[in-house]
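Examining the three-dimensional arrangement
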Amino acid sequence: MKSTIKRKTYAAIYRLLDRVSPLSEDCGTLCQAACCTCGGDSSTENGLDFDMGIYLLPGEEKLFTRKETWLKWSVENAEDYDFPDSWYGKIYFVRCNCAPHCPREKRPLQCRFFPLAPHLTDEDELVLIHSDAELPYTCPLISKNVELTPSFLKATYTVWKRLIQDPLIYDLVKWDSCIREEISIMYQK
Ligand code: SF4
Ligand code: SF4
């Protein structure tokens, strides 16, 4: 898929998000890093659950060599998954095999945003909500509605504001937003 976001823009986004965290302390201590370790199931290939793969946003793959030993790659067709009609062709899924100790500065964007997700209102205003993805674990930041650091909220919003300038990413956020019946806004400008 053709991304309008350049590699250097993704690199700048990674640097911005490197500086923030959902909490001032490591939230992984609240849940034994549930969002990182939930894919470890010995009944699955190499002890990793394929369904728990993380998809990269269009163009994000430019930040990787695909030789990273801590990641397993899968190249799929977007048409075979639940993505907007404008998404067709290659999409990259990764699964980490070193959880929860990945190189922090290399974490994919989906890891960095969690537990937040973008939402576009009927007026096309960007807001942040808690992720409503179906997950096999409970994130205490969501279930206990823990207050997130202002720096994390602001940086995540800034990044999504930039990302939705890309038509494919806009379509994805709009498509996800249209399915939701009600939302609870965690951050808005
Ligand atoms: S984001 Fe949620 S599930 Fe993941 S480590 Fe932090 S508290 Fe645990
Ligand atoms: S890449 Fe890192 S942050 Fe993301 S799920 Fe794996 S261990 Fe967790």
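Use the structure listed above.
Residues numbered from 1 in each chain as written. Chains lettered and ligands numbered in written order. Predicted model: local features only at pLDDT ≥ 70, side-chain atom pairs only at ≥ 80, totals over all residues. Heavy atoms only, no water.

Attention shifts here to the overall build of the protein. Secondary structure assignment for the protein yields six helices and six strands. Along its sequence from the N terminus, the protein presents helices and strands in the succession α-α-β-β-β-α-β-β-α-α-α-β. Relative to the compact-globule value of 16 Å for 189 residues, the protein shows a C-alpha radius of gyration of 16 Å, a close match. Projected onto its principal axes, the C-alpha positions of the protein cover 45 × 40 × 30 Å. Put simply, the protein has 189 residues, and 45% of those count as buried. Looking at the protein alone, contacts between residues at least 24 apart form 73% of all its contacts between residues at least 6 apart. For the protein, the centre of its 23 positive side-chain charges and the centre of its 28 negative side-chain charges are spaced 12 Å apart. (Helix = DSSP H or I, 4+ residues; strand = E, 2+ residues; numbered from the N terminus. Rg over C-alpha atoms; globule rule 2.2 N^0.38 Å. Buried < 20%, exposed > 50% of the residue type's maximum accessible area, 1.4 Å probe, protein only. Contact = heavy atoms within 4.5 Å. Lys, Arg positive; Asp, Glu negative; His and termini not counted. Charge placed at Lys NZ, Arg CZ, Asp CG, Glu CD.)

With that settled, consider unusual backbone geometry. Phe114 connects to Pro115 through a cis peptide bond whose omega is 15°. As for its position among the elements, Pro115 is in the loop between helix H3 (109-113) and strand E4 (116-120). Positive phi is not limited to glycine here, since Asp124 has a value of about 65°. With respect to the secondary-structure elements, Asp124 resides in the loop between E4 and strand E5 (126-130).

Let us look at the sheet that holds strand E2 (residues 71-77). What links the strands of a sheet is backbone hydrogen bonding, and the strands pair in either a parallel or an antiparallel sense. Strand order in the open sheet made by the three strands is E1-E3-E2, with antiparallel pairing throughout. Sheet topology places strand E1 (54-55) and E2 at the edges, where each strand pairs with a single neighbour. With two bridges connecting them, E1 and strand E3 (residues 90-96) associate as antiparallel partners. Paired with Ile54 across the two strands is Val94, which belongs to E3. (Pairing = 2+ DSSP bridges.)

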